[in-house]
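Observations on the model geometry
Next come the chains, spelled out residue by residue.
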Amino acid sequence: MKWTQAHIFTLKEAPADAEIPSHRLMIRAGMIKKLAPGMYTYGNLALRAIRKFEAIIREELDKRGCVEILMPMVHPKELWEETNRWTEMGAGLLKFQNRNQQWYCLGATHEEAVTDYIRHDVKSYRDLPRTLYQIQTKYRDEVRPRFGLMRGREFSMKDAYSFDIDQAGALKTYQVMYDAYRAIFDRLGLNYRIVQADAGNIGGSQTHEFQLLADAGEDSLLVGDSSDFAANIEVCPAIDAELHVSSEKELKPIEKFATPGLKSIGTLSKSTGIPPKELVKTLFFSGNDDVESKDKELKPFAVLLRGSDTINPVKVKNLLGMANPPQLLTDEEVKKVSGAWPGSCGPVGLTIPIYLDNGVSGLKNYIVGANQDAFHLKNVNHGRDYQPTKVGDLRMAQAGDKCPSGKGNLQAFRGIEVGHVFYLGTKYSSKMNASFLNQEGKAQPIEMGCYGIGVTRTVQAAIEQCHDQDGIIWPLAIAPFQVHICVLDPKDEKVMNASQALYAGLQAQGIDVLMDDRDERPGVKFKDADLLGMPLRIVFGKKGLDNNEVELVVRKDKQVKKVAPDAILRSVLEALQNLKPSPR
Ligand code: ATP
Ligand code: MG
């Protein structure tokens, strides 16, 4: 494509709300434009990268026997009610009525739609296994859309769904998809990790996330320093580097003492001289602990953990079998439940369920709030002074903790979730009555899995991982154009002819080329070429040609090679070969 015909408008500055490098670069390169919060028009450069990524996905899935379909993006309420997700998905599902006052939602994910599709077709075990996929626009009414395509409301996802006759088959398919995802992300040549993850409200028991490593990533990952253990912090088991077990033998009698103004663990620790890891804090939440329940009333409960630890709401959700992570109570609600304002609350005398983090179970004779403003209790002990409903792992693991693999410690990384594979079992098929007749002629629910890739998120995440101070450095596999020709003197016939010859020569080889044929200063062209970040840049100028030279510049390291004009086509093809990621 020639720049003078392309619709490319680069900017010197990005708007203030573009907070992370990839967002700023995409805006500055004119690749995306905001229509409304979380909704973007993809310019031609972005669309080219998206299409290339889609092609890689299609190739790897088709090769493994997956079948592409396309489902509607508007779904009737009744379908989502079959699984109770009309309620469970909460405000993330954008709901609206049509002219006949019938309710619909925009597809945020397609488990219901695809299960409805399959239940009408599949009759017998002979019709299985199957894996269906689509690449489609999703809509999720994210509370805070941000970072451009990273967290959009409208975004493109590849979602696949597998159907098997039994668990063994489903787990085999899971592995096929896992391998397909590895092949897909390997082809991009990006630095990623596969981590254990939470199933969110998709459900299911076995699940892995594919995370591109980047400082701006929204996910916290913990990775073993001496093993291949890797988990999203949401589900990473917490094992202290050194477990503190109280040295006290006796359970001492409870004492109440005045603590005016001591509302935080910090101030309480300073005043008592007891380190935060030996103090106990009480947090109050509400949530529905029964996933199946249609009862929308939220029930309050308390969680106790050491003063030095951080609560992990996803672990609380999982321990209690809730559909969504619990919500912290407001100060007023805490006062109503405990009798005191936050900062003076504790477990003794509470009538609501109390959940205890493992870290507290080793403590004895500890201090908690007295449920009376400005008072605390000392020498409190679980079992004697209050009964926990359940004890479990409810805190965040952190870097330096023992690795759950048993070898070494944990290290922290930031990641961008670009893909997610789930084994679902019969969660959807049993609720939606999607069954098949087995060899004995008995009806059985279909075993399912689902597999997502954030197509638009991945394209931006690639930029987040591959850029420098001057602009984007596209991975070859999804570069909008592999080659960028800068024509420095477009009015000079010799220069234009030589540029045109390479342009045509590369196109004949099926290579995407952008030719900057604008009547602009070289500085402007070089700046734009750096910003747009195509892997190879070829510079044709009058001076160079007079010396029988063309410049070939590799964007990644800005290495410059001078090549004779008649050897340039071959040199470009060679350089492109060298840029391909080496297989794992
Ligand atoms: P997140 O935790 O980031 O909200 P999720 O776990 O809810 O994502 P999934 O339901 O697993 O997302 O969706 C599959 C993939 O779709 C994700 O791995 C991610 O790459 C992409 N994705 C999800 N939400 C968004 C979004 N708001 N904008 C862009 N891509 C998204
Ligand atoms: Mg996910």
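Up top is the structure these notes are about.
This structure is a prediction, so every number in the text was calculated from the model and none was measured. (Residues numbered from 1 in each chain as written. Chains lettered and ligands numbered in written order. Predicted model: local features only at pLDDT ≥ 70, side-chain atom pairs only at ≥ 80, totals over all residues. Heavy atoms only, no water.)

Quick look at the site of ligand 1
- Near ligand 1 you find 15 residues, and of these R140, E142, R151, G152 and E417 are the closest.
- In the model, an oxygen atom of ligand 1 is placed 2.8 Å from a nitrogen or oxygen of the R151 side chain.
- A distance of 3.1 Å is found between an oxygen atom of ligand 1 and a side-chain nitrogen or oxygen belonging to H420.
- Contact with the protein chains covers 85% of the free accessible surface of ligand 1, which is 590 Å².
- When contributions to the shell around ligand 1 are tallied by element, the ones reaching two or more residues are β8 (154-164) and β21 (410-425).
- By residue class, the composition of the shell around ligand 1 is six nonpolar, four polar and five charged. (Near = heavy atom within 4 Å. Polar contact = N/O pair within 3.5 Å; in protein donor to acceptor, adjacent residues only side chain to side chain. Areas by Shrake-Rupley, 256 points an atom, 1.4 Å probe, with all protein chains shown as cover. Helix = DSSP H or I, 4+ residues; strand = E, 2+ residues; numbered from the N terminus. Nonpolar A, V, L, I, M, F, W, Y, C, P; charged D, E, K, R; others polar.)

Looking at the coordination of the magnesium ion (ligand 2)
- E417 (OE) and H420 (ND1) make up the full set of protein donors to the magnesium ion (ligand 2), lying at 2.1 to 2.3 Å.
- You can call H420 buried: its relative accessible area is 8%. (Donors = N, O, S within 2.8 Å, 3.2 Å for Na, K, Ca; no water. Buried < 20%, exposed > 50% of the residue type's maximum accessible area, 1.4 Å probe, protein only.)

Here's the deal with the sheet that holds strand β18 (residues 366-369)
- The sheet built from three strands is open, its strands ordered β13-β19-β18 with antiparallel pairing. Only two strands of the sheet have a single neighbouring strand rather than two, namely β13 (255-258) and β18. Sheet twist, expressed as the mean angle between neighbouring strand axes with direction ignored, is 30°.
- Pairing of β13 with strand β19 (residues 375-380) involves four bridges; the strand directions are antiparallel. When the sheet's bridge partners are listed, K256 is paired in β19 with L377. (Pairing = 2+ DSSP bridges. Axes fitted to C-alpha atoms, helices over the stretch in contact; angles between N-to-C directions.)

Some details on the packing of aromatic side chains
- All told, the structure shown has ten aromatic pairs when counted by the stated rule.
- Measuring from ring centre to ring centre gives 6.3 Å for F53 and F185, while their planes differ by 45°; the resulting arrangement is tilted. Taken as a pair, F53 in helix α2 (residues 44-63) and F185 in helix α6 (residues 167-188) lie far apart in primary sequence, 132 residues in all.
- Taking relative accessible area as the criterion, F185 reaches 1% and is therefore assigned buried. (Phe/Tyr/Trp six-rings, centres within 6.5 Å; stacked < 30°, edge-to-face > 60°.)

Observations concerning the environment of G38
- Tracing the backbone shows G38 in the loop between β1 (32-36) and β2 (39-42).
- A relative accessible area of 6% places G38 in the buried class.
- Taking the C-alpha atoms as reference points, G38 and F147, separated by 109 residues in sequence, lie 8.8 Å from one another.

A closer look at the nonpolar core
- Ranked by size, the top nonpolar core spans 63 residues in total, and within it F53, Y181, F185, F210 and W474 carry the most contacts.
- At nine residues, the largest contribution of residues to this core is made by α6.
- When neighbours within four sequence positions are excluded, F185 is seen to be in contact with F53, L190, Y192, F210, V418, I453 and T458.
- Counting residues in hydrophobic clusters, the runner-up holds 27 residues, among them V114, V122, A199 and L424. (Core = buried A, V, L, I, M, F, W, Y, C linked by side-chain atoms within 4.5 Å. Contact = heavy atoms within 4.5 Å.)

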